[in-house]
Amino acid sequence: MIEPTARPEIDPTFKALLDLFPTTFNADGGVELVRERLKMLKMPPDLLPDLRIEDRTIGHGDLIDIPVRIYWPPTPAEISPVVVFFHGGGFCLGDLDTHDHVARAHAVGAEAIVVSVGYRLAPEHPYPAGVNDAWAALQWVGAHAAGLGGDPSRIAVAGDSAGGNLAAVTAMLARDNAGPELVFQLLWYPVVTADLSLPSHIENAFAPILDREVIAAFLAWYLPPEVDITDPTVLPVTLAPANAADLSGLPPAFIGTAEHDPLRDDGARYAEMLKAAGVAAELSNEPTLVHGYVNFAPVIPAAAAAADRGLTALRKALYP
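Residues numbered from 1 in each chain as written. Predicted model: local features only at pLDDT ≥ 70, side-chain atom pairs only at ≥ 80, totals over all residues. Heavy atoms only, no water.

As recorded in an unreviewed UniProt entry, the protein chain goes by Carboxylesterase NlhH and comes from Mycobacterium stomatepiae. Under the UniProt heading Sequence similarities (unreviewed entry), the note attached to the protein chain is "Belongs to the 'GDXG' lipolytic enzyme family." (UniProt positions renumbered as here; feature names shortened; annotations may be inferred.)

Here is the structure:
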């Protein structure tokens, strides 16, 4: 009888760091308490690359007050590609500051202009406010890329976790609304199926950073009362992009997942679905990492190596 292979443990350096800081929570304490805790986790300034950065407020259509932070790569080309980045945080946490180091890493790693989007957060602004902001921001970039020194024919979307959902959703909206035409989507441990019955949700119910109670809190805050998640297959594609009737014609994708993450199988299933629809999709599951690993790339070597895999794929797509 062949014994089942034990899966690798969490990277010891990563685990030692996680043991120092409590990262999980539930809805009882309220969203503000969690937001304040997240703001305390800042990267040391000496670990951040020095870039040209500009804060702006942009708008498209009826949405006129979306904050963005624009990063230019260290040595910009005469015309650089552009990446629209959506931060993670369960649609409820995070902002331009908490993901500043992640956006910088994308600008450096992809050699691209990065437009990081400060979309509205739940519970103050439940679904679909964040989706509407993300889509408006992408349309703004499509119309104004040249004014930033960017190439309108080389635009990609990227995001982590909830931001990965917004990247996948806006890629679909761009396909269905005649642009902006995207060349790539970089999805870090995205939520795309909203299927809580997948095996990874059970295996990693008590994982670091994202566990069962954290997911329940995010869902309680993000979803309006009329949205029922008990049957994920009937959710609108702007919540669960995997529910689209047709996935063909979407931009190529890199999907990064982590073994010790409830969302592991979510990303894996979406990669399979994209491939079945004829879309080039690369899945990279990191055997010793947990949800949120890209945020820890400056201080965890294994996370840095994993982040580099995705950023290399993005750079190759932007510089064919």
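Next, the rest of the story.
A. Inspection of the environment of Val 117 at higher detail. Tracing the backbone shows Val 117 in strand S4 (residues 113–117). Other than its neighbours up to four places away in sequence, Val 117 contacts Ile 66, Pro 67, Val 68, Val 84, Phe 85, Phe 86, His 87, Leu 96 and Ala 137. (Helix = DSSP H or I, 4+ residues; strand = E, 2+ residues; numbered from the N terminus. Contact = heavy atoms within 4.5 Å.)

B. Broad picture of the pairing of strand S8 (residues 281–290). Pairing of strand S7 (residues 253–260) with S8 involves 7 bridges; the strand directions are parallel. Of the residues in S8, the one forming a bridge with Thr 257 is Asn 285. Once the chain exits S7 it traverses helix H8 (residues 264–276) before rejoining the sheet at S8, and the crossover so formed is right-handed. (Pairing = 2+ DSSP bridges. Right-handed = clockwise from strand over helix to strand, strands pointing away.)

C. Quick peek at the UniProt feature "domain: Alpha/beta hydrolase fold-3" (unreviewed entry) in the protein chain. Mapped onto the present numbering, the UniProt feature "domain: Alpha/beta hydrolase fold-3" (unreviewed entry) falls on residues 83–294. Structurally, residues 83–294 comprises 33% helix and 21% strand, and the distance from its first C-alpha atom to its last is 16 Å.

D. The nonpolar core, seen in detail. By size, the foremost hydrophobic cluster in this structure holds 70 residues, and its most contacted members are Phe 86, Tyr 270 and Leu 274. Excluding residues that lie within four positions of it along the chain, Phe 86 makes contacts with Val 117, Tyr 119, Ala 134, Val 157, Ala 158, Gly 159, Asp 160, Gly 163, Leu 166, Ala 167 and Thr 170. Within the second largest apolar cluster, 34 residues are counted, among which are Leu 186, Tyr 293, Ile 300 and Leu 311. (Core = buried A, V, L, I, M, F, W, Y, C linked by side-chain atoms within 4.5 Å. Buried < 20%, exposed > 50% of the residue type's maximum accessible area, 1.4 Å probe, protein only.)

E. Seen up close, the packing of aromatic side chains. Per the stated rule, a full pass over the model turns up 8 aromatic pairs. For the pair Trp 188 and Phe 254, a centre-to-centre distance of 6.0 Å together with 65° between the ring planes defines the contact as edge-to-face. With Trp 188 in strand S6 (residues 182–188) and Phe 254 in strand S7, this residue pair connects regions lying 66 residues apart in the sequence. Residue Trp 188 is classed as buried on the basis of its relative accessible area of 0%. For the pair Trp 188 and Tyr 293, a centre-to-centre distance of 6.1 Å together with 85° between the ring planes defines the contact as edge-to-face. Here Tyr 293 lies in the loop between S8 and helix H9 (301–318) and Trp 188 lies in strand S6, a separation of 105 residues in the sequence. For Tyr 293, a relative accessible area of 0% puts it in the buried group. The ring of Trp 72 carries Arg 52 above its face, with NZ or CZ at 3.6 Å from the centroid. (Phe/Tyr/Trp six-rings, centres within 6.5 Å; stacked < 30°, edge-to-face > 60°. Lys NZ or Arg CZ within 6 Å of the ring centre and 35° of its normal.)

F. Representation of empty space enclosed by the protein within the structure. Counting across every chain of the model gives 2 cavities of 30 Å³ or more. Counted as a void, the largest cavity has a volume near 290 Å³. Around the largest cavity, the lining comprises 22 residues; the ones closest to its centre are Phe 91, Val 191, Ile 215, Phe 218 and Leu 219. Put simply, the parts of the chain that give the lining of the largest cavity at least two residues each are helix H5 (162–176) and helix H7 (212–222). A volume near 40 Å³ is recorded for the second largest cavity. Lining the second largest cavity we find His 101, Val 102, Ala 105, Val 294, Ala 297, Pro 298, Ala 307 and Leu 311. (1 Å grid on protein atoms, 1.4 Å probe; cavity = no way out; pocket = protein on both sides within 12 Å on 5 of 7 lines; lining within 4 Å. Points joined across faces, edges and corners; volume = space filled by probe spheres on them.)

G. Quick look at a nonpolar patch on the surface. On the surface, Leu 20, Phe 21 and Leu 41 cluster together to form a nonpolar patch covering roughly 300 Å² of accessible area. The topology assignment puts Leu 41 in the loop between helix H2 (31–39) and strand S1 (52–60). For Leu 41, a relative accessible area of 43% translates into the label partly exposed. (Patch = residues over 30% accessible without salt bridge, like charges linked within 9 Å, V, L, I, M, F, W, Y side chains within 5 Å. Areas by Shrake-Rupley, 256 points an atom, 1.4 Å probe, with all protein chains shown as cover. Salt bridge = Lys/Arg side-chain N within 4 Å of Asp/Glu carboxyl O.)

H. Quick peek at the pattern of salt bridges. Summed over all chains, the structure comprises 21 salt bridges. The partner of Lys 15 in a salt bridge is Asp 19, and the shortest N-O contact between them spans 3.2 Å. One end of the pair is Lys 15 and the other is Asp 19, both in helix H1 (residues 12–20) and 4 residues apart, which spans about a single turn. Lys 15 gets classed as partly exposed once you look at its relative accessible area, which sits at 40%. Overall, Asp 19 belongs to the exposed group, its relative accessible area being 56%. Here Asp 176 ties to Arg 175 by a salt bridge, and the two come within 2.8 Å at their closest N and O atoms. By relative accessible area, which is 48% here, Asp 176 ends up partly exposed. A cluster of three or more residues bridged by salt bridges with shared partners is formed by Arg 7, Glu 203, Glu 259, Arg 264 and Asp 265.

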